[in-house]
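Close look at the chain arrangement
Read off the chains here:
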Amino acid sequence: QNPYLPYPVRIDDITIETEDKNLKTFKFVFLNPEDENRFDYKAGQFAELSVTGKGEIPIGIASSPTEKGFVKFTVNRAGVVTTYLHNMQVGDVMGLRGPLGNWFPWEEMETGKNVLIVGGGFAFTTLRSSIVYMLDPANRSRFGDIHVIYGARTPGMLLYREELAE
């Protein structure tokens, strides 16, 4: 497997996250089911989103490895590739390369300890991955209380509002 070749993925869903519409969450499904198994990531990692003819961009993985059948990325419209991606539609196909980077040291965390997550603005994407990972029934007993402090410039800029309310 060449790490420089992206996996083909299809946009399965797009959610507009903020009132200014500059942050969208893209839910991707792998065109080849075996690619999902190869894309074995941990909460805290990132990947390269590839758009043919435009380039690729590094984006933190917003979904948790415990969420199966898809992978999510929240993308801020800021340049050529992100603007093109923001104009894509459900059903469009693009590339996903990775996973890349480090992750949070889940194996080293002591069982039963309380967790405090503090984040702000757009940087909350990989923290969402971690929260969903810790709350998964298979992992929940490993952690004590989980507290999340999250803020943004305005209430309309908060990501994942419905999920956080739950």
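Structure shown above.
First, a word on what this report is: a plain description of the structure on this page. (Residues numbered from 1 in each chain as written. Predicted model: local features only at pLDDT ≥ 70, side-chain atom pairs only at ≥ 80, totals over all residues. Heavy atoms only, no water.)

**Re the pattern of salt bridges**
Our working definition: The term salt bridge refers to a pairing of a side-chain nitrogen on Lys or Arg with a carboxyl oxygen on Asp or Glu at a separation within 4 Å. A 1.4 Å probe rolled over the protein chains alone gives each residue an accessible area, and that area as a share of the maximum for its type sets the label: buried under 20%, exposed over 50%, partly exposed in between.
One pass over the full model with this rule turns up six salt bridges. Among the salt bridges present, the one from Arg10 reaches Asp12, with a minimum N-O distance of 3.8 Å. Overall, the relative accessible area of 30% leaves Arg10 in the partly exposed class. Within the structure, one salt-bridge network assembled from shared partners comprises Arg10, Asp12 and Lys27.

**Quick notes on the nonpolar core**
In summary, soluble globular proteins display a tendency toward joint burial of nonpolar side chains. Just so we agree on the cut-off: We define the nonpolar core as a collection of buried residues of types Ala, Val, Leu, Ile, Met, Phe, Trp, Tyr and Cys that are connected through side-chain atoms lying within 4.5 Å of one another. Numbering of helices and strands starts at the N terminus; helices are DSSP runs of H or I of at least 4 residues and strands are runs of E of at least 2. The contact criterion used throughout is that any non-hydrogen atoms of two residues lie within 4.5 Å.
Counting 22 residues, the largest nonpolar core has Phe28, Phe39, Leu49, Val71, Phe73 and Leu96 as its most contacted members. Contributions of two or more residues to this core are made by strand S1 (7–16), strand S2 (23–30), strand S3 (46–51), strand S4 (55–60), strand S5 (71–76), helix H2 (80–86) and strand S6 (93–100). Those residues in contact with Phe28, other than ones at most four positions away along the chain, are Val9, Arg10, Ile11, Asp12, Leu49, Gly69, Phe70, Val71, Phe73 and Met94. If you look at the next biggest cluster of nonpolar residues, it comprises 17 residues, including Ala62, Phe124, Tyr133 and Tyr150.

**Examining the environment of Glu108**
Assignment of secondary structure puts Glu108 in the loop between S6 and strand S7 (113–120). Glu108 gets classed as exposed once you look at its relative accessible area, which sits at 66%. Separated by 78 residues in sequence, Glu108 and Phe30 place their C-alpha atoms 31 Å apart.

**Some details on the side chain of Ser64**
Spelled out, the test is: As used in this structure description, the phrase polar contact means that two N or O atoms lie within 3.5 Å; if the pair is within protein, one of them must be able to donate a hydrogen and the other to accept it, and residues adjacent in sequence are counted only when both atoms belong to side chains.
Relative to the elements of secondary structure, Ser64 occurs in the loop between S4 and S5. For Ser64, a relative accessible area of 0% puts it in the buried group. Reaching out from Ser64, the side chain makes a polar contact with the backbone nitrogen of Tyr133 at a distance of 3.4 Å. Residue contacts for Ser64: discarding those within four places in its chain leaves Tyr41, Arg128, Ser129, Val132 and Tyr133.

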